[in-house]
Amino acid sequence: MKKVGISYEKGLLAAFLAGTVAGTILVNMMSSEMRSGLSAFPFSAGGAMVEAAKGVNEAGSKLRAREQLPLFFHLFRSRSLAAAVGWLVGLTPYGTACFFLAAGYGGLTLGVSQAVFTWQKGLAGPGYFLLTLMPHCLFYGIIWAALAVWAGKQTPRLRLFPFLCLLAVCGIGAAAECWIFPVVWRLGTGILSRTSY
């Protein structure tokens, strides 16, 4: 008799999609007062992304690179800590279950965020949503994918050097989030605000 089952990768995708659908439904079931209290920027550490997106001080001049170093170190610490937790969890017998939960939670967060942006910005909402992901989430996605693959292996291995490489990718992602994201956000929102009329 043929064994029927679902692969680990398909399970992660299913958990992510289920979370996305659940997040979208959740926001649409809320009252407008509750929706207005939600933040459409869930991917920032302590709201740092919103501050970075402004990229200007009180006088209106652009922040110099060295003035954003505390933000970079804050982002690098928080992203590296999350990667370290994922790496350590992947070494345990519960690694696959934890990554299923993480995929579902990630989908839920994305679903909520996209629904909030759509509620706030209308048809331009998905565009604003995609802007919040660029370009740093490309690097964070690589890290998450590598950790998820490692957690899905039958025999967990320490993989110390590859993990150190992932920490370097965390640094690149944090730098992109700190210095490149504000530029992408400013340019993208300028385009979206002109085309949404």
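Preceding this paragraph is the structure being described.
Notes on the structure follow. (Residues numbered from 1 in each chain as written. Predicted model: local features only at pLDDT ≥ 70, side-chain atom pairs only at ≥ 80, totals over all residues. Heavy atoms only, no water.)

With respect to the overall build of the chain
Then comes step 1: Along the backbone of the chain there are 8 helices and 0 strands.
Then comes step 2: Secondary structure elements of the chain, listed N to C terminal, follow the sequence α-α-α-α-α-α-α-α.
Then comes step 3: Taken over 197 residues, the chain has a buried fraction of 39%.
Then comes step 4: Look at the contacts in the chain between residues 6 or more apart in sequence, and 81% of them connect residues 24 or more apart.
Then comes step 5: Total accessible area computed for the chain in this model is approximately 11,700 Å², and 70% of it derives from carbon and sulfur atoms. (Helix = DSSP H or I, 4+ residues; strand = E, 2+ residues; numbered from the N terminus. Buried < 20%, exposed > 50% of the residue type's maximum accessible area, 1.4 Å probe, protein only. Contact = heavy atoms within 4.5 Å. Areas by Shrake-Rupley, 256 points an atom, 1.4 Å probe, with all protein chains shown as cover.)

Details of empty space enclosed by the protein
Then comes step 1: In the structure shown here, the tally under the stated rule is 1 cavity of 30 Å³ or more.
Then comes step 2: Of the voids in this model, the largest cavity is the one considered here, and its volume is about 60 Å³.
Then comes step 3: Looking at the largest cavity, the residues that line it are Gly86, Trp87, Gly90, Leu91, Leu147, Trp150, Ala151, Pro156, Arg157 and Arg159. (1 Å grid on protein atoms, 1.4 Å probe; cavity = no way out; pocket = protein on both sides within 12 Å on 5 of 7 lines; lining within 4 Å. Points joined across faces, edges and corners; volume = space filled by probe spheres on them.)

Some words on the environment of Ser32
Then comes step 1: Mapped onto the fold, Ser32 is located in helix α2 (residues 32–36).
Then comes step 2: On the basis of relative accessible area, Ser32 is assigned to the partly exposed category, the value being 36%.
Then comes step 3: Expressed as a C-alpha distance, the spacing of Ser32 and Trp119, which sit 87 residues apart in the sequence, is 9.2 Å.

Regarding the nonpolar core
Then comes step 1: Phe99, Ile143 and Leu147 are the most contacted members of the largest nonpolar core, which has 23 residues in total.
Then comes step 2: Residue assignment for this core shows that the elements contributing at least two residues are α1 (8–29), α4 (69–90), α5 (95–121), α7 (136–151) and α8 (160–195).
Then comes step 3: Looking at this core element by element, the count peaks at 7 residues for α7.
Then comes step 4: Beyond its immediate chain neighbours, meaning those up to four positions away, Leu147 contacts Ala83, Gly86, Trp87, Phe99 and Leu166. (Core = buried A, V, L, I, M, F, W, Y, C linked by side-chain atoms within 4.5 Å.)

A short note on the packing of aromatic side chains
Then comes step 1: In the structure shown here, the tally under the stated rule is 9 aromatic pairs.
Then comes step 2: What links up through ring pairs into an aromatic cluster is the set Phe72, Phe73, Phe76 and Trp179.
Then comes step 3: Positioned above the aromatic ring of Tyr128, the side-chain terminus of Lys121 is 4.8 Å from the ring centre. (Phe/Tyr/Trp six-rings, centres within 6.5 Å; stacked < 30°, edge-to-face > 60°. Lys NZ or Arg CZ within 6 Å of the ring centre and 35° of its normal.)

Remember, this is a structural readout, not a statement about activity or role.
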